[in-house]
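Spelled out from the first residue to the last, the chains are:
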Amino acid sequence: MNVKKLISLSIAALLIVSVTAGCSGGQPTQKSAEQKPPEQKLADTGPIKIGFLGALTGNVASYGINTLKGMKLAVEEINAAGGVLGRPLEIVIEDNRGDKTEIANVTKKFVTRDKVAAVIGDPTTGGTKVAAAICQENKTVLVSAGAVGPGVVEIGDYIFRDVVIDPIAVPAVVKWLKDSLKWKRVALIVSVNNDYSVGQAKLFEDALKKEGIEIAIKESIQDGDTVFTSQVTKIKKANVDGMIAPIYYTEGALLMIEAKKQGLNKVFIGGDGLLSPVLWELAKGATEGCMVFAGFSPDEPDEITKKFIDKVKQVYNEEPDMFHAQGYDAVYLVADAMKRANSADPSVFKTALAQTKDLRGVCGVLTILPNREPLRTPINVLEVKGQKFALKARVPVTAPQ
Amino acid sequence: MIDAYTIQILVVFGINAIMALGLNLITGVTGQLSLGHAGFMSVGAYTAAIMTLRLHTPYVLNLLAAGVVAGLSGVVLGFPTLRLYGDYLAIATLGFGEIVRVLFLNLEITGGGLGLSAIPSKTNLAVVYACLGITLYVMSKIQKSRVGRALMAIREDEVAAIAMGVNSTSLKVQAFAVGAFFAGISGGLYAHYLTYINPNDFGFMKSIDSLSMVVLGGMGSLPGVLLGAAVLTYAPEKLRFLQNYRMICYGAFLVFMMVFRPNGLLGGTDLRQLVKASFKGLNWGAMAKQGARTREGIGGSKDGIA
């Protein structure tokens, strides 16, 4: 007992000491092979640091890992071409497990210890909001490569994103449906217990009304449903040109199987919620012709995109997805702004970032609108053909009035 | 000079510690295993956030309301479930945590799956440590009081405690309410610190995190719980240099601790004994005596917890 007591006390003392020592130690725990001199006042020599914010482990790790891979490719290219303002870029990598508290911790570390010029991430909207509040307060630029939800750039003038956002994409897609496919009557399917679906359906409804396309029937489903017999029967009776389905891929695939079974030979169109190979894995032939709109198209790429796709295949031996592309583009977006502002100081180059116009990236051309929301053009409409998404059309997008 | 990153960790530690101290009263002192503590934190976080965003009431009032509403939900949960024993209670509390999460995911006022954002940032180091101080004070008062001893009696042997005239159900509900109250306070602090909350942030893993703090630190011991919260808040940050192996080492550390210190780091000690022991620590003879006395005094309870 005596010995046990001693052990417990010494462990306790040790831990307390190490906790306090570690807290006030202030030594950068960062990896980085080439550590620069410790006392570096205003970092205007040495590498320009960019913080990677995302999950490398946990539930949402696949987004973070791919974003980071894309970022690394871009940084390698930029550094090989002489860097930005004569200085190389360096990514500071921390894993946040997709946990909000850790996101806050990591972001604080980036802005106060590592003194990064910009933070790229988090791929999720919620994580971005937590990080954005901290970046705004500490005057560091944050570019989210993946946050598509509402209320992100409104947090402040240091906050940006480089994604396709639905309020801009949906009206363009609906206009294309009217002009190119001559749709006049549609069915709208919404998953009522899914925020993504409810939000996107609302945008579709507004856009359809504006373009004068009639919503002949509106059907509700729920995430987790497996039987869609009654919905499909009703839609079939409504005699529509096509179905608008802002839902996720699992329900989407099951719905399409049912439609095929009942002989409803019309096309479904949805957002990136449907963008998954699960569609044809689950539904076999039933999803043929189903359309999805997205910012990144791996099919029929232009020159820049093709180079990027080849590089991802060569370096990582995998097919690039949206997150690779957004991470890659985000680095170029930041680098471009720094070059134009001729400064790596966030309070200076954020103005240049906000004025970004027609920047070529692998997801098309990016312009930052006056409200700091990104405008990506064109939007790619992809079509399921065989076992892949083939490019159906490139829909040009204009700024909303 | 403390930099902002350190302050960040200290604030997170404070918030975790308040939550863990609340759970300690339920699990450590009263011996009722609760797996839904994050549910109370969630109730508190949403109460405070909604009051701030919709009613614009003062911050302190919102924090208090967060605690009170969470405490009331503790009573509501406690009445039917605290008649259950052991595993059954654990499952019931786990269910409560899930109900809260799913409810907030589907309510309009909580923002559903989008969560609540743009909550004004009002929590700072001073507020958190003031709350932590109050929590510690209240907890040590409770533990030393007649009620505290009755709660410990329930933990050691509920039937014997009832036989001695302890109203076990009523006391357990009270412990639940107080524990939930402090979880609510910590939730309110959390919401106003991160400025964004989402129902999924308060899932099962959050409950397990706080339970780990209590168990690792030492159930029933206030300094132990503080230490547990400090270690579990700090370890994932300190282990960052390990990169992808970080959470493996974190897990291994927990396993290692449970094998070699199943009572927790400071299991079965309280603050006075710790201070006394460290004063006398230089003197081997006194230390031995202290050890002997400790064994006499609390040996039984130690076995009880383990």
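All values derive from a computational prediction rather than experimental measurement.

## With respect to the overall build of chain A
Secondary structure summary: chain A contains twelve helices and 15 strands in total. In chain A, which comprises 401 residues, the proportion classed as buried is 56%. Total accessible area on chain A is roughly 16,800 Å²; 55% of this is exposed by carbon and sulfur atoms.

## With respect to the nonpolar core
Ranked by size, the top nonpolar core spans 139 residues in total, and within it Ile 120, Val 143, Phe 308 and Phe 349 of chain A together with Leu 189 and Ile 197 of chain B carry the most contacts. When residues in this core are grouped by element, the largest group, 13 residues, is from helix H8 (residues 168–194) of chain B. Beyond its immediate stretch of four places on either side in the chain, Phe 349 of chain A contacts Ala 117, Ala 118, Val 141, Val 334, Ala 337, Met 338, Ala 341, Ser 343 and Ala 344 of chain A.

## Examining the sheet that holds strand S14 (residues 379–385) of chain A
Residues and elements named next belong to chain A. Pairing within the open sheet is mixed, and its seven strands lie in the order S7-S6-S8-S9-S10-S14-S15. Here the strands that pair on one side only, and so sit at the sheet edges, are strand S7 (214–221) and strand S15 (388–395). Within the sheet, the average angular offset between the axes of one strand and its neighbour, ignoring direction, is 25°. Sheet strands in contact with helix H5 (residues 166–179) are strand S8 (242–244), strand S9 (267–270), strand S10 (291–294), S14 and S15, and its direction is about 140° off that of S10. Strands in contact with helix H6 (residues 195–211) are strand S6 (185–191), S7, S8 and S10; relative to S6, the strand with the most contacts, it is inclined by about 160°.

## Considering the sheet that holds strand S5 (residues 159–161) of chain A
All names here are of chain A. With respect to topology, five strands assemble into an open sheet ordered S2-S1-S3-S4-S5, the strand pairing being parallel. Where the open sheet ends on each side, the last strands, each with one partner, are strand S2 (89–95) and S5. Averaged over all adjacent pairs, the angle separating strand axes in this sheet is 25°, with direction ignored. Examined bridge by bridge, strand S1 (residues 48–54) and strand S3 (residues 118–121) share four bridges and lie parallel to one another. Note that in S3 the partner of Ile 50 across the bridge is Ala 118. Along the sheet, helix H11 (residues 322–341) contacts S1, S2, S3 and strand S4 (141–144); its crossing angle with S3, the most-contacted strand, is approximately 160°.

## A closer look at the pattern of salt bridges
Using the criterion set out here, one finds 31 salt bridges over all chains in the structure. The salt bridge involving Arg 113 of chain A is made with Asp 3 of chain B; its shortest N-O contact spans 2.7 Å. Of this pair, Arg 113 of chain A sits in helix H3 (residues 100–114) while Asp 3 of chain B sits in the segment before helix H1 (4–29), which puts the two residues in different chains. Residue Asp 3 of chain B is classed as partly exposed on the basis of its relative accessible area of 23%. A salt bridge links Arg 376 of chain A to Asp 329 of chain A, with the shortest nitrogen-to-oxygen separation between them at 3.2 Å. Separated by 47 residues along the polypeptide, Arg 376 of chain A in strand S13 (residues 374–377) and Asp 329 of chain A in helix H11 bring together distant segments of the chain. Like Arg 376 of chain A, the residue Asp 329 of chain A is buried in the burial classification.

## Observations regarding a nonpolar patch on the surface
Residue and element names in this part refer to chain B. A grouping of Ile 99, Leu 103, Leu 107 and Ile 109 is seen on the molecular surface, where their side chains present a nonpolar patch of about 340 Å² in accessible area. Here Leu 103 lies in helix H4 (residues 86–106). The exposure class of Leu 103 is partly exposed, given its relative accessible area of 45%.

## Points about the environment of Lys 261 of chain A
All names here are of chain A. Topologically, Lys 261 is positioned in helix H8 (residues 249–261). Judged by relative accessible area, Lys 261 falls into the exposed class, the value being 67%. Sequence separation of Lys 261 and Thr 229 is 32 residues, and the distance between their C-alpha atoms is 9.5 Å.

## Focus on the side chain of His 37 of chain B
Mapping His 37 of chain B onto the fold places it in helix H2 (residues 37–55). Leaving out residues up to four positions away in the same chain, His 37 of chain B has contacts with Met 19, Gly 22, Leu 23, Ile 26, Gly 179, Ala 180, Ala 183, Ser 207 and Ser 210 of chain B.

## Quick notes on the confidence of the model for chain B
All names here are of chain B. The share of residues in chain B with pLDDT of 70 or more is 87%, and the mean pLDDT across the chain is 85. Summarising per-element confidence for chain B, the mean pLDDT is lowest in helix H13 (residues 284–305) (44) and highest in H2 (95). Every residue in residues 284–306 scores below 50 in pLDDT, and together they form 30 contacts with partners more than four places removed in sequence or on other chains. With a pTM of 0.79, the predicted complex shows an ipTM of 0.78.

## Some points on the environment of His 324 of chain A
All names here are of chain A. If you trace the backbone, His 324 turns up in helix H11. We classify His 324 as buried; its relative accessible area is 0%. Discounting residues that sit within four places of it in the chain, His 324 has contacts with Asn 66, Thr 67, Lys 69, Gly 70, Phe 308, Val 312, Glu 318 and Glu 319.

Cut-offs used in this document
- Residues numbered from 1 in each chain as written.
- Chains lettered and ligands numbered in written order.
- Predicted model: local features only at pLDDT ≥ 70, side-chain atom pairs only at ≥ 80, totals over all residues.
- Heavy atoms only, no water.
- Helix = DSSP H or I, 4+ residues; strand = E, 2+ residues; numbered from the N terminus.
- Buried < 20%, exposed > 50% of the residue type's maximum accessible area, 1.4 Å probe, protein only.
- Areas by Shrake-Rupley, 256 points an atom, 1.4 Å probe, with all protein chains shown as cover.
- Core = buried A, V, L, I, M, F, W, Y, C linked by side-chain atoms within 4.5 Å.
- Contact = heavy atoms within 4.5 Å.
- Pairing = 2+ DSSP bridges.
- Axes fitted to C-alpha atoms, helices over the stretch in contact; angles between N-to-C directions.
- Salt bridge = Lys/Arg side-chain N within 4 Å of Asp/Glu carboxyl O.
- Patch = residues over 30% accessible without salt bridge, like charges linked within 9 Å, V, L, I, M, F, W, Y side chains within 5 Å.
- pLDDT = per-residue confidence, 0-100.

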